[in-house]
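# Structural features, examined
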Amino acid sequence: KQWYQRRVAITAGGEETACAASVTMVKLVGKDQCPGMVEHTARGSYAWGNVEKGNSPKGIDCTANLGQTKATATCADGSCEPGIGCWFLEVNYTGCPFTNEDTRKIDEIYNKDTTAEVKASELEAATKELTKESIEEETYKIGADAIAQILRNSEKDSDADSEVVSEQILNVIDKFAGVDDTIAFKDPTATQTYLTSLDDVVSKLKTTRNKTSKKLNNIRLAVLDIQDTEQKNLILSSVGDDEVRIDSMEDSVNADSQDDIRMVIPPGITERIQSSGDNRFYFIVHSTPSFFMTKELFEKDSSLQSRVFSAGVSGHKSIRRIKPPITFTMKVSRSGEGNKSECVYWENNENLVDYQKRDISTVTTLSQDANYVQCQTDHLTSFAILMTSQPLPDIHDNILTAVSYIGGSLSIIGLTMSLVGLAVFRQIRQPLGTKIHINMAAALLAGLLVFTIGVNHSDKKGDDTMKKYTCLAAGISIHYFLLAAIFWMGIEGFYLYIKIVRVFGNQSYSFLLKCALFAWGMPVVIVSSTAGYLTGDNYETNKFCWLKRYPMIATFMAPVMIVVLINTYMFIRVVNEINKSQNRLRADNMPSNCAKSIDLKEKLIKVRAAISIMVLLGLTWIIGPFLLINENEALKITLSYVFTVCTSLQGFFFFFFHCAIKTDVKERWKTYLGIEVSSHSKLTDFSKTYSNQAPKFKPTNNKTTEFSKLGDSASSLNKSLISFKPRNKIRPGSPDDDSDLGLAVVEF
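The notes below deal with the structure included here.

With that settled, consider the overall build of the chain. Counting its regular elements, the chain contains 20 helices and 29 strands. Split into buried and exposed, the 748 residues of the chain put 46% on the buried side. When contacts within the chain are restricted to residue pairs at least 6 apart in sequence, those whose partners lie at least 24 apart make up 70%. Total accessible area on the chain stands at roughly 38,200 Å², and carbon and sulfur atoms take up 53% of it.

In structure tokens form, the structure reads like this:
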């Protein structure tokens, strides 16, 4: 039995296209059967059983109307492919109502057989309570269809009051203008319908004394029927959330300091408009950019600094080749030294089929300061101010790229050697601390390998759909493994804390299992919620396969900062506890404290190594948000170098701290490679380290003891330690074995 995905093909205009909504997981059960399947739709979820070829299964009760109607499907003779099997064709859910109440109401209005006026009134009432959160994908789509249908019917019906219908439809469009950007971007056809309908509505609005204005939640507009304005300028202005205005004046005036948007239309344009037979000029300000989320804007590291406004003449997509050019000024919400503000416009092309592919082009930027940008254009369409992050100069970009690959290669080598060095010898891999290090190294290595191979997506060739999902898989994998490494880093801090501060010495296999479930399982929860059922909305798939800006802050930077803060607290407690223990030993001045002092020094070495890894693995990622929000170019370059060097060398420093300087690992490898090692070399190293700092013990009586010269030479320390025997033999690698923390318990 196998599982596979198939897109059901539909025929539209003689051309076979893929219907994305028909992707279904099916199970192959035989060449003469359509396998059972489950489909999740806006009209409910439906499970179909196995059906013999050429038959139709019994209808399934609709989800939303308690069995009054049924969904149907057919296993047609022509629905099979040799070597693959059969699948359902003619799956029909149209008889079933939508499960979302708002969508169902709009769909019922759409399917009613009544006049345009009645439908417009009912649609206005049905959408009155719509909010950004309540507008789903199907709601957005069926709303556009209903609006287009009502406007078509209104034109055909001579008895319809087009002005009343236009007022009502304008209110409906305003509600849908507040839709989530992602939903609008996903359905470019519906978005185009809303904008086209808005232009149609504006052309039919009722005016008083040749003008009118409307102030709604998401749309503010003004229209002016041009008559005797040949020698006057038209002044388009908008202030905050107040009504927008179109005024005619004798002379051009400078921008009012209070205006958010101000455009001056010279007299020659009004003459040209009248000569074309159309005389209604409009000015629309959009409070939200949902209708303008094109592919270029949606996927680039850029954001709008101003509201989008549209200016033009009803019935014309755009007016071009205006002489002299038109000047307009816009107030910007924010700017920065490291960012670039550009005057941009949306290209309206009547022959453009895919609305997402509208061009966003620049117009001349005359001047700019902290609050305003002045632009110039020779045509009328939709405009805004776009802020883009300034890329690093090529020389720095090339250097950072080279550092990334060199550092990444060293880290891959270092992590591979770490895994081998820690895992190959049983005596080394038994302690719980080493097992934690092995898991951390495995997560880092996996993430680094995927990052090196898959993060740069700009030069890859192949099918766009395959590239997108390959890039999405790489981004999800990198996200998962880096989070896992961060959580294992947190577990290492917790382990040191409970061993040294809380002194819980009996951590068993169940403790490690709980740690593994947390460190490997929690990233699954975070990444799954971020991926959003594999839609990939939160992952960049255009150039780099990684999280987009705000999802990265919420689902990666935030967990990193939480772990770093908790680890910082625990490491402060651990170091403080070690210092207090050392002070107590010095105060006691007892001969038996020699070995204890060495133990504390070894513990301190372990803690310092863990802190170093936390700084490299955790704190360097916290530089990320500062790179995103920083506006100073010099500081941004400096932070980029620090961030790139530290993150690319994380694996190399892991190897250095946990393998290269660990005596037990070095001695095991020397023995394995046949290099002669003194049986007391490790002990001698400890004694040399200690001899210069060991306290001088004075005998309490006249008898000379071997401890009276303890600090005079390393040999006396050796003798003292050799004479020490533990009361209970501790099996290496047992839960009570503290060798991973540097406890030098030795039997001779």
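Time to look at the packing of helix α1 (residues 101–111) against helix α3 (residues 137–156). Remark: α1 packs on α3, axes separated minimally by 9 Å, with the N-to-C direction vectors making an angle of 25°. Taken together, the axes of α1 and α3 lie roughly parallel to each other. Relative to α3, α1 is oriented so that their crossing is left-handed. Along the contact surface, α1 presents D102, T103, I106, D107 and Y110, while α3 presents E138, T139, I142, G143, D145, A146 and Q149. For the contact of α1 with α3, a count of residues per class yields four nonpolar, four polar and four charged.

Taking 1.5 Å of rise per residue, 15 residues should cover 21 Å, and helix α4 (residues 162–176) covers 21 Å from first to last C-alpha, within 8% of that figure. Among the residues of α4, V165, S166, Q168, I169, L170, V172, I173, D174 and F176 are the ones counted as buried. Check the buried side of α4 and you find it contacts α1, α2 (116–126), α3, α6 (188–202), β14 (211–215) and β15 (219–225).

This part takes up the side chain of H286. Mapped onto the secondary structure, H286 falls in strand β19 (residues 280–286). Discounting residues that sit within four places of it in the chain, H286 has contacts with L195, L198, N218, I219, F292, R307, V308 and S310.

This paragraph deals with the state of the cysteines. Considering all chains together, one arrives at one disulfide under this definition. A disulfide bridge connects C343 with C375, and the sulfur atoms are separated by 1.9 Å. Since a negative S-S torsion denotes a left-handed disulfide, the C343-C375 link at about -75° is left-handed. Placement of the pair is C343 in strand β23 (residues 339–346) and C375 in strand β26 (residues 372–377), with a sequence separation of 32 residues. Here C375 falls in the buried class, since its relative accessible area comes to 0%.

In the structure shown here, the tally under the stated rule is 13 salt bridges. Close ionic contact of E167 with K214 constitutes a salt bridge, the shortest N to O distance being 2.9 Å. In this pair, E167 is assigned in helix α4 and K214 in strand β14, connecting sequence segments 47 residues apart. By relative accessible area, which is 25% here, E167 ends up partly exposed. Between D247 and R245 there is a salt bridge whose closest N-O contact spans 3.1 Å. One network of salt bridges, with partners in common, ties together E155, D200 and K204.

For the rest of this paragraph, the subject is the sheet that holds β26. As summarised here, the arrangement of the six strands in space is β17-β16-β18-β22-β26-β25, forming an open sheet in which the pairing is antiparallel. Of all strands in the sheet, those bounded by a partner on one side alone are β17 (245–249) and β25 (364–368). Shown here is a sheet whose adjacent strand axes are inclined to one another by a mean of 20°, direction ignored. Of the strand pairs in this sheet, strand β22 (residues 326–331) and β26 are connected by six bridges, and their pairing is antiparallel.

Once that is clear, we can look at the environment of S306. Within the fold, S306 resides in the loop between β20 (302–304) and β21 (308–313). The exposure class assigned to S306 is buried, which follows from its relative accessible area of 12%. Considered as a pair, S306 and A384 are 78 residues apart in the sequence and their alpha carbons are 5.9 Å apart. If near-sequence neighbours (up to four positions away) are discounted, S306 is found in contact with M330, K331, A384 and I385. From its side chain, S306 meets the backbone nitrogen of I385 in a polar contact 2.8 Å long.

What counts and what doesn't
Throughout this description, residue numbers start from 1 for each chain and increase along the sequence as written. Owing to the predicted nature of the model, reporting of local features is limited to residues with pLDDT of at least 70; listing and counting of side-chain atom pairs is limited to 80 or more, with chain, interface and lining totals taken over all residues. With hydrogens and water set aside, each side-chain value is computed from the structure's full complement of heavy atoms. Each helix is a run of H or I in the DSSP string that is no shorter than four residues. Each strand is a run of E no shorter than two, and both are numbered from the N terminus. Any residue under 20% of the maximum accessible area for its type is buried, any over 50% is exposed, and the rest in between are partly exposed; the area is computed with a 1.4 Å probe on protein chains only. Contacts are assigned to residue pairs that have any heavy atoms within 4.5 Å of one another. Throughout, the Shrake-Rupley method with a 1.4 Å probe supplies accessible areas, and for residues the shown protein chains are the sole cover considered. Under this scheme, a helix contributes an axis fitted over its contacting stretch, all axes are lines through C-alpha atoms, and angles between N-to-C directions fall in the 0 to 180 degree range. Here is the rule for angles: anything less than 35 degrees is roughly parallel, anything more than 145 is roughly antiparallel, 65 through 115 is roughly perpendicular, and the remaining ranges are oblique. Should the near helix be turned anticlockwise from the far one by less than a right angle, the crossing is termed left-handed; should it be turned clockwise, right-handed. Residues are grouped as follows: nonpolar covers Ala, Val, Leu, Ile, Met, Phe, Trp, Tyr, Cys and Pro; charged covers Asp, Glu, Lys and Arg; every other residue, Gly included, is treated as polar. Multiply 1.5 Å by the residue count of a helix minus one, and that product is the helix's expected span. The disulfide criterion used throughout: a pair of cysteine sulfur atoms within 2.5 Å. By convention in these notes, a salt bridge is any Lys or Arg side-chain nitrogen within 4 Å of a carboxyl oxygen on Asp or Glu. Criterion used throughout: strands pair if DSSP finds at least two bridges between them. Two N or O atoms form a polar contact when they lie within 3.5 Å of each other; inside protein one atom must be a possible hydrogen donor and the other a possible acceptor, and for residues adjacent in sequence the pair counts only when both atoms belong to side chains.

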